[in-house]
Amino acid sequence: MNQLHLFEDPEAINTKNFTIYRASAGSGKTFTLVKEYLKIVLRNPSDYQHILAITFTNKATEEMKRRILEHLIDLSAGKSTDMRHVIEKEVRHYEQKLNIQDRAKKALTNILHNYSRFSISTIDHFFSQLVRALARELKLSLNYQIDVDDDTAMKESLLLLYQNLTHDEELRGWAKDFAFSKIDNDKGWQLDYTLLEFGKELFKEKFHQGFSKISREEVNIKSLRELEQDLQNTEREFASYLKELAGQAKKLIAAHGLSKENFKGKSNGVANTFDKILFNNFKLTDTFKNVAQGTADWYTQKSPDIARIDGVVKAGLGKIALEIYQYHAAHHAAYVTAKQLQRHIYSYGLLDAISEQLKTYRQSNNLMLLSHNSFLLREIISDHEAPFLFEKLGSYYQHVLIDEFQDTSVYQWENVKPLITNSLDHNHHVLLVGDVKQSIYRWRGGDLNLLLNQAVDDLSLYRDQLQVESLQINRRSAGQVVAFNNQFFTLASQLLLATKDLPDDSTMLSEVYREVEQEPGSSSNGGVCIKFFERNEGQWRNEALKFSTSVIREHVVETGNYSDFLVLCDTNLEVSEVSQHLSTLGIPVDSEQALSLSSYWAVRLLVSGMYLLVDARDSLARAEMACLYQKGVQAEDLDFNELFMESCSVGSGLLEKYLPAALVEQWDELSSRNIYEWASQVIPLLIESKKADPFLTRFLDVCLEQNAKGKTTARDFINWWEVHKEQQMVVFPSHQEAVRVMTIHKAKGLESPIVLIPWADFELKPRKDNLFWTDELSAQFSKYKLLPLSFSSELMDSYFSSAYQQELLEGLTEGLNTVYVAFTRARQRLYVNSIKPTRSIAADDLAHLYKLLWEICNHPGWESCWDAQSSTFIKGDLSESVPKTKQEIVPTIAVDQMRMAPYANKVTIRSENSKMFTLLDNYHARNIREGLQVHAVLERMSQRSDLETVLNQLTAEGVVKKEDHDGVRGKVEGLFDQPDFSAFFQPGWKVFSEMDIASMGRRYTPDRVITNQQRTIVVDYKREKENPEHGKQIKGYAAMLEKMGYRQVEMFLVYVGEAKIVQV
Amino acid sequence: MKGFITHIVDRLPPDDLNTLHTRAFVFPSRRACYHFREALLNRFPQETFWLPAILSVEDFIVRCTGKSISNELDLLFALYQHYKATYPPNPEGKVDKEELPTFDKFYSWGQVLLRDFDEVDRYLVNAKDLYRNLEQLRDIENRYQDSEEVLFALKRFNDMMGNEPTLLSSSFSNQWSRVSKTYHSFRGALGDSDLQYGGMLYRQLAEQLQDGTIDLPFERVVFAGFNALSRSEEVIMETLLKKGIAEVYWDADKLFLENEVEEAGRFMRRNRKKWPPTDQVHWVISDMAKHHKKIQFIGGVQSVGQAQVVGQLLQQMTKDQLDNCGLVLADEGLLFPLLYALPENINSLNVTMGYPAKHSHWFRLTVAFLDYQLNKRGRGESTYADTQYTRELLMNPLIKRSVPGSGKLLLGLRKKSKWVGISELITEDSGEILKLALTSWERVNELIAAVVKLLLAIYQKLRVEEKLELLETEFAYHALKHLLKLGEGVEKYHQELEPITLSRLIIQALEQARIPFSGEPTEGLQMMGFLETRALDFERVIMVSANEGQLPKGNQHNSYIPFAIRKAFKLPTFEEQDAIYAYHFKRVLQRASDISIVYNTEVAIDGSGEKSRYLWQLKETFPKEMISECIYQMPFSKSEVNSQLEIPKSAEILEQMQRFLVIDETAKSLSPTAIRHYLDCSLRFYFRYIVKLREREKETTDLDPRDFGNIVHQAVEKIYQPLVGQTVTRDHIQDLLASSAINDAVDESISEHLMKSSPSLLEGKDILHQQVIQKLIYKAIAKDQWAAPFQLLGAEITLQSDLRINGGSNVRLEGTLDRVHLARGIVHIIDYKTGKVDLVYLPSKIAAEDWDNYVLKHFEEPKYKSGFQGLFYGYLWNKVRENAPIKLGVYPMKKVNEGIKWLNKQQVVPSAGFQEFERQLQNALNELFDETKPFVQTKESARCRFCDYKEICQR
Ligand code: SF4
């Protein structure tokens, strides 16, 4: 506080404190963010504790923290760095007073020594913190676990739902109708998959927005059932009326001896309309519409049948056609709407019930799903809540910085808005950084509109404080790459505007790409190569991949660098295909597929072992184990047939002959270890080489994680493993040379000298049948707030046409954004493979990447880059050498071997299990227990009257059981009744009870010693039977006492069991 | 370098030995006490004398007050009664169940309250001032404002609470007044009972010392190795110092004592100001920055990776180094990985740690037992247990090991039935453990007694058989101790608990339970948690999990007292917590000369995994040359193994295969499925039909797809069987549809299949399945109207035929035809399919030679699978029954409205087609029996996707 605004600069206060940075790819976004952060703390080095910086990923958080600290270290060392220059330039106006070096030092120390207030986190993490702080207000249990496994949550919830079918009749009825409607539509009968997919909507914000507003009174299974009836009726009525008309028409035509062949367009012509209607195809062609309205003829002029046709038209066909046309015009939209809505109505009706079960699942497992946090907060955080949140967090944030703002969702925005308005109210800094062009997380709620307009609109009160800045220089990509991207995306965003069915007002697309042009900041040239292949029934994929491989090969021959490459794919499936292909060619690959645990033989071996633990009769597991083990030790000339035969004939357990003897010997004993310990002990028995193995190490980590969740058995593990094994990966060592292969979505934020996109042929539109929600509902449906639709062009004919158009626009924008992210990852070179179109391309049909690419590569102005012969587009220089990237290198050391050995003989622990007897309840145990208890009581007593107090104390401590009081009391009183014994407690003597004697460097503990200067008595209580050792022991005590100068030491042994006192 | 404890011991003059026993030496932890005693014994190896009392501060307080600290659970039970009272019952005498949490939900909330109360007392906070209404709290702004910072915080707090109440703030103030009431009534009640939490004793001792109303059982008290003192500790120390009967040893380093920015010295600097050196107050001050240290930051991958790093470090150490080495775990979860990674040169090791009970099967068994008990239905004799949970329970390794017959019982658990009668599970000779495990308990106190008995019985059994390892024994003991405590609490306070509440309570209590592993030897490698390092010194220090969130532990300060209020009342906040942790960290380094700090290089999903802040701090503090950094990695080498597998047809195998040859009546036949498997992958055929390696049985209680299919087939057979041989007319079918025949047949099939007495016992999804099957069959049969009239030749007919192969032997083929009828002179063979239908049609008009090609395709490509079966049946019929025009159809139930799909559209299959089929079949069989051709893996790895043997093949 004391240095608050010490160097306050009047100008600085007047500058705008609310900044939005639009930062295109490679424009040094992180640099800017770090710079802004530094400027705040340099102005006031204790302000770091009042800054909340929100990033999108954990990695980004880590990187931002690291960069801030590193810059502060450099600044405080007085180093001349880029950052320093930029900061000096920007804060010039108070440079006189500003001593950057000192302040950096101060800030650095402050942060390092009050690090918990260095608040940079992901939004998820920040929300988790908030939810935890508000747990009580949210009525959550306080010790819940955070979980990210939405899939499992959904599966479990569905199981619970199915269980409820037994008793809940309404639910059962609905589920039955659901299954029956599937059967009626030839969609199978199983609900699992549909519900599993649909249920995921529960985790989505878009859905939650509407769902939370629905009144359960108005919308429930009953009301949905009515709706379903209505929709069916609409559909049926429409169809049957038109079919009737079509039937009449056909009869009429036949009655006149004609067939559809006679009419215009022949078998696919106007008269075919009637057939189509009878086959449930209700789309009317334009020709038919014209003919029906009388604006065109039923025949071509050359037709020989004009007269006959005219006849039939007059005889009623004309009227029927007109009726069809008019009825269709009036009702078709309602029909399509009804049909489309029915697609999801049953799933929709179950969502509420699933959501209930999800709650049950969470509660009974004491879990919070990460995806749920923002919903919870949304319900309780209102506008003026910031001070309360700060109080709960114990942090008072003044400045707020948000990175990757284009991926923020509406709820997230609403939840942080109170903090932001609070900041702006107090004239503190707010910084939103993002790039609308890189918004590719729509599926999980990311809403680019926030960055585009809405945030500013929401904060219009603060418009005076706002400045919007763009970062124009691309420091990542080489000149030609930047130039290409400038041109490509400018063109693309224009061309795509012509896409069919886009809404009239599609400014979004152009707005997003308005500022796409960047200036290159790099000195090298670089180049772009786009190659088109003949589709050739899918053969092109092989050709294209071959080409990409050759690019890699050539480069590696020259430079030896595999890690210059980043290969980008559209889907995970493609990633695994590509990486498999590269691997088989011996090219080192860093991809999820190459790192997968479950394909590794030794992991399989262990998992098979676990199966055998679960069921000793599992002969398949037995065979797997033996076979994999034998393969592992490279047994030659092994008779595998015998191995397999035996694995079936052995009734249970291991196939001993084919496994190491040590394992066989210990198998049974090991079976009771928890799964982590089991694996740790089995691995060294199965895998003899002690080579450090990242896969097995990671597998053990996985076992450990499960164990820590209380899933300790093989069965637990396998149940979990079978569901989650695909996602289990080893960590790729950082120094290893390899080609990285990943999806475009994962590559966001990364860069690489050379980027390859082997199969650039994806659709830019949303996938057909993709589920989306609309809240544009006509009065008829308004109570539903939000209804689910499947993306399909048919929707153009429904009441939902504008929702469809909007979805198309948003999807298309995201599609182009994905391409943008992909193309802008390249520093030096970009290689794209695509398909050569076979037909000419319609201008309204470019929403397919290969078409778009083709169109643009053939665009006027780029002729010099185009080689029609090879269908290749090359811009720039593909041979320029790739500059080495300097990396900070922490030396790596190889782990030399796997150490994995049982520890039992090494560890000494003070076992408390002798106390186990206090818990047991048989005669023997009772005796021992009583002995222990009497002993404990006597130890504590200093006079007879203490007995009750001591008993109660020991009971509270859990040493003496309540029901044992009488017994113990009896024993103790019995002892005191003996004069000898009560003498040990006579008043006036000095007492040493349970005190230690040190003698010759060792410690001894006689139970009781009393002395009155002349006489000294030493007493030892014994639970056991009499034993000469006892005498020896007590004589030892006496000798020590004498050594300490005590006279006349008398020795007593008290056998508490028989209440017998023996003088030694 | 001389350690702190040695410093103290060295200062003891030998003359004091006679009076030592009148003194108490008080340390922050028990472990420090132990080391002190050892040091004392070593200092005077020749003497005999009474040892002083050597106590941890908590034991000291207990000893002085003569009271003991109650078990948390007892306190929670009592606390709940008082909390409950803040929810007054409505006029009908009922408490709003929605609002008042049940005890299990209260549990974690109660722990927070208890901790707050404890701190309030420990810090001698005026509770009357603190725990009152928020409105009344507002005047504290005037009363507690000793620093600007606090004033600021309080202002903010008051502004906030003064604002229009928001949803959050009103919910808070509501809760706050409950908490306040609870505190006062709870605290008042405790005064009169034996129950007490720690803070109460601290406050009592501090107050009594101040009043002079207590006599200590010691003549002198020496405090040593403290850092952050609570207010009551301060008072105690202060009073005793004033009286002249105390001595204090502080352990500090210039690094944090003199440097204001070091949070590690936050308390020490204050202590130093308050208690400057005198003859009673001793400051043992080191200066670590002055001494050369070797500090290494080492990155390792995740838990096991870090442990492996440590193993490698340890292996390089000498015995002497090991004896002076402290291995400090910031994350207790690394205990097992580290234990397993210990190299051979470690032969003695001492572990002082708490380890989570969750890692043990005893915990798992308790959970399984409770699940079993809570998921039953019915009562008394006819109580049924959920099969799944029964299985879970019986499969627990502890049960498996202690009950030899449990495997048999498991076998007997009928796979398909969701419920199993408990009376069937328990028999005369079940044995004690099984009886305890399986008997059904209803009442809460029975339940808890049962679980205790069960664990004890297993424990005893395994113990007698010496099948338990030491650690497991510890787990068992502590689990039992917890459960017994819980039982007592339940008995005392809560007999009205619901079983489910009890179960959650047990699980929560055990989940949090830590098993204290406490070793005693001071020799050998010392492994410990961070708190155990207090007052100890090691030459060589290895720390693991040096990541934010572990080191320091993240912001775990779970308190219901708001931040500003804590500040005002001088209660510790997370800032103090951080400072304490920083002190521990720096203190461990204080006298160490060789330090390895191992951290996890991987960021976890929850964001933890950032390197610890202390690494940055050290880098800033120590000269560059002292610090080195590296990352340990495992080379990314997959030890690949050969996944090729080929089984030559040995004499033995050939003999096996003889059984498919018609030698005598015992010949086994080959089904189309078998041949299909062979065509897809000959190795798969080998596994399935020669080795007879069966697929793994799935543990489902629902109908799985295969059951579903079987039931459909069986039901259709039942429906049509009575009409075989007759001409089925449309009327027949309409009668069928109108009658209950279809539903009855389905119900019967289901019953037979599930071995259930009645379909009304169906549960959950199976009810749905039942209705679905009825509907499907109804639809399918309704479709048959269009085919009627037809003469039904058979339903589920099994046909056999022999085919001659090379070498003159005959192979026996067999197929079961779902339905055959004759209409318009054509034999229709129809196959009902509930699964995926793979059928590739032929263009309707097709030349004879194209047939060959078409048939061949059925042998080569899996997507012709359904057609292959059809052709096979047709071929059999053609050969065995009659050479008639045949149509082959598949009825895909997944698309029942589309009706039957015909192989050759609506045309009959020409007999040339069957001839070609036979030829191909012969080829395939020749190959199958050709001894020179081994069984090999398919080249098309796509075929392996759903293969049962893909683990063997590593596909
Ligand atoms: S996994 Fe593949 S290769 Fe192996 S048996 Fe199955 S189908 Fe054949």
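Just so you know, these numbers come straight off a predicted model, no measurement behind them.

A.B. asks: Would you mind going over the sheet that holds strand β2 (residues 48-50) of chain B with me for this structure?
C.D. replies: Remark on secondary structure: sheet strands pair via backbone hydrogen bonds, oriented parallel or antiparallel. Taken together, the three strands give an open sheet; going across it, the order is β25(A)-β24(A)-β2(B), and neighbouring strands pair in antiparallel fashion. The sheet is open, and its two borders are formed by β25 (1002-1004) of chain A together with β2 of chain B, each paired with just one other strand. Averaged over all pairs of adjacent strands, the angle between strand axes in this sheet comes to 25°, irrespective of strand direction. For strand β24 (residues 997-999) of chain A and β2(B), the ladder comprises three bridges, and the chain directions are antiparallel. Bridging from a neighbouring strand, A:S999 pairs with B:T48 of β2(B).

A.B. asks: Just to check I follow, could you spell out the environment of B:M626 for this structure?
C.D. replies: Residue and element names in this part refer to chain B. When you line up the elements, M626 lands in the loop between α29 (613-621) and β17 (627-633). Overall, M626 belongs to the buried group, its relative accessible area being 8%. Beyond its immediate stretch of four places on either side in the chain, M626 contacts A289, H291, H292, K293, K294 and I295.

A.B. asks: Please explain the site of the ligand as it appears in this structure.
C.D. replies: Taken together, B:C681, B:R684, B:Q937, B:T938, B:C944, B:C947, B:K950, B:C953 and B:R955 make up all the residues around the ligand. For the shell around the ligand, the per-class residue count stands at four nonpolar, two polar and three charged.

A.B. asks: What exactly am I supposed to notice about the interface of chain A and chain B here?
C.D. replies: Accessible area lost upon the coming together of the parts serves often as the stated size of an interface. Counting residues at the interface gives 172 residues for chain A and 179 residues for chain B. Around 15900 Å² of area is buried between chain A and chain B when both sides are counted, 58% of it from carbon and sulfur atoms. Sorting the residues of chain A by area buried against chain B places A:W189, A:R715 and A:R899 first, and these three jointly supply 5% of that buried surface. Across the chain A-chain B interface, the total number found is ten salt bridges. A salt bridge links A:R117 to B:E575; its shortest N-O distance comes to 2.7 Å. Across the chain A-chain B interface, the total number found is 61 residue pairs in polar contact (both at pLDDT 80 or more).

A.B. asks: Which parts of the structure should I look at to understand the confidence of the model for chain B?
C.D. replies: Keep in mind that low pLDDT regions are not for reading the predicted coordinates in detail. Residue and element names in this part refer to chain B. When pLDDT is averaged along chain B, the result is 88; 96% of the residues meet or exceed 70. Ranking the helices and strands of chain B by mean pLDDT puts strand β4 (residues 220-224) first, with 97, and helix α8 (residues 140-143) last, with 73. Here the prediction assigns the complex a pTM of 0.92, and the interface score ipTM is 0.94.

A.B. asks: How do you make sense of the confidence of the model for chain A when you look at a structure like this?
C.D. replies: Residues and elements named next belong to chain A. Across chain A, the average pLDDT comes to 89, with 96% of residues at or above 70. Of all helices and strands in chain A, the one with the weakest mean pLDDT is helix α1 (residues 10-14) (47), whereas strand β12 (residues 565-569) scores best (97). Considering only residues more than four positions removed or in separate chains, one finds that residues 1-13, a stretch of pLDDT under 50, has 18 contacts.

A.B. asks: Could you clarify how one ought to interpret the packing of helix α4 (residues 72-84) of chain B against helix α10 (residues 167-191) of chain B in this entry?
C.D. replies: Each packed pair of helices is defined by two parameters, the angle between the axes and the distance between the axes. Residue and element names in this part refer to chain B. Running from N to C, α4 and α10 point in directions that differ by 125°, and their axes come no closer than 8 Å. It follows from the interaxial angle that α4 and α10 lie oblique. Of the two elements, α4 crosses α10, and the hand of that crossing is right-handed. Packed against α4, whose contacting residues are L75, A78, L79, H82 and Y83, the element α10 presents Q175, R178, T182, S185, F186, A189 and L190 at the interface.

A.B. asks: Help me out: how do you make sense of unusual backbone geometry in this one?
C.D. replies: Leaving glycine out, the prevailing phi sign among residues is negative, and the prevailing peptide bond configuration is trans. Residue and element names in this part refer to chain B. For the bond running from L551 to P552, omega is -5°, close enough to zero to count as cis. Structurally, the position occupied by P552 is in the loop between β15 (540-544) and α27 (563-568). With an omega of 0°, the peptide bond between A788 and P789 qualifies as cis. For P789, the position within the fold is in the loop between α36 (764-787) and β20 (790-804). Although it is not a glycine, K570 adopts a positive phi angle of roughly 60°. Note on placement: K570 falls in the loop between α27 and α28 (574-590).

A.B. asks: Please clarify how α28(B) should be interpreted in this entry.
C.D. replies: Side chains of residues three or four places apart in an α-helix project in the same direction, reflecting 3.6 residues per turn. Spanning 17 residues, α28(B) covers 24 Å between terminal C-alpha atoms, matching the ideal 24 Å at 1.5 Å per step. Burial runs high along α28(B): 15 of the 17 residues are buried.

A.B. asks: Please clarify how the nonpolar core should be interpreted in this entry.
C.D. replies: The nonpolar side chains of soluble globular proteins are, as a tendency, buried together. One finds A:F823 and B:Y720 to be the most contacted residues of the largest nonpolar core, which totals 392 residues. Ranked by residue count, the leading element in this core is helix α24 (residues 444-464) of chain B, at 13 residues. If near-sequence neighbours (up to four positions away) are discounted, B:Y720 is found in contact with B:I733, B:L736, B:I781, B:D784, B:F790, B:L792, B:A795, B:R819 and B:Y832. In terms of nonpolar packing, the next biggest core, distinct from the first, is built from 91 residues, B:F25, B:V57, B:I61 and B:L240 among them.

A.B. asks: Please explain the sheet that holds strand β22 (residues 826-833) of chain B as it appears in this structure.
C.D. replies: Residue and element names in this part refer to chain B. One open sheet holds the six strands; their spatial order is β19-β20-β21-β22-β23-β24, and the pairing between them is mixed. Edge positions in the sheet fall to β19 (727-728) and β24 (901-906), since each has one partner strand and no second. Pairing of β20 with strand β21 (residues 810-823), which is carried by twelve bridges, proceeds in the antiparallel orientation. Directly across from Q800, in β21, lies its bridge partner E814. Packing against the sheet, helix α33 (residues 705-720) makes contact with β20, β21 and β22, and its axis sits at approximately 120° to β20. Contacts from helix α38 (residues 865-881) reach β20, β21, β22, β23 (886-892) and β24 within the one sheet, and its direction differs from that of β20 by about 85°.

A.B. asks: Got a minute to help me understand the layout of surface pockets in this structure?
C.D. replies: Where empty space is left becomes clear once a probe the size of a water molecule has been rolled over the atoms. The calculated volume of the second largest pocket comes to roughly 1800 Å³. Those elements giving two or more residues to the lining of the second largest pocket turn out to be α5 (100-113) of chain A together with α9 (148-162), α12 (231-243), α14 (266-274), α27 and α28 of chain B. Residues belonging to the lining of the second largest pocket are distributed by class as follows: 17 nonpolar, 14 polar and 19 charged.

A.B. asks: Help me understand the pattern of salt bridges in this model?
C.D. replies: Pairs can form between side chains of opposite charge once their charged atoms are near each other. Residues and elements named next belong to chain A. Scanning the model with the defined rule gives 120 salt bridges over all chains in all. In this structure, K657 and E642 form a salt bridge, with 2.4 Å as the shortest nitrogen-oxygen distance. Residue K657 is located in the loop between α25 (640-649) and α26 (661-670), and its partner E642 is located in helix α25; the two are separated by 15 residues in the primary sequence. One continuous salt-bridge network, built from bridges that share partners, spans K29, D403, E404, D407 and K748.

A.B. asks: Would you take a moment to explain the environment of A:M64 for this structure?
C.D. replies: Residues and elements named next belong to chain A. Counting through the fold element by element, M64 comes out in helix α3 (residues 58-76). Taking the C-alpha atoms as reference points, M64 and T30, separated by 34 residues in sequence, lie 7.3 Å from one another. Other than its neighbours up to four places away in sequence, M64 contacts L33, V34, Y37, A53, T55, I120 and L401.

What counts and what doesn't
Residues numbered from 1 in each chain as written. Chains lettered and ligands numbered in written order. Predicted model: local features only at pLDDT ≥ 70, side-chain atom pairs only at ≥ 80, totals over all residues. Heavy atoms only, no water. Pairing = 2+ DSSP bridges. Helix = DSSP H or I, 4+ residues; strand = E, 2+ residues; numbered from the N terminus. Axes fitted to C-alpha atoms, helices over the stretch in contact; angles between N-to-C directions. Buried < 20%, exposed > 50% of the residue type's maximum accessible area, 1.4 Å probe, protein only. Contact = heavy atoms within 4.5 Å. Near = heavy atom within 4 Å. Nonpolar A, V, L, I, M, F, W, Y, C, P; charged D, E, K, R; others polar. Buried area = accessible area lost by both parts, 1.4 Å probe. Salt bridge = Lys/Arg side-chain N within 4 Å of Asp/Glu carboxyl O. Polar contact = N/O pair within 3.5 Å; in protein donor to acceptor, adjacent residues only side chain to side chain. pLDDT = per-residue confidence, 0-100. Parallel < 35°, antiparallel > 145°, perpendicular 65-115°, else oblique. Left-handed = near helix turned anticlockwise from the far one by under 90°. Expected span 1.5 Å × (residues − 1). Core = buried A, V, L, I, M, F, W, Y, C linked by side-chain atoms within 4.5 Å. 1 Å grid on protein atoms, 1.4 Å probe; cavity = no way out; pocket = protein on both sides within 12 Å on 5 of 7 lines; lining within 4 Å. Points joined across faces, edges and corners; volume = space filled by probe spheres on them.

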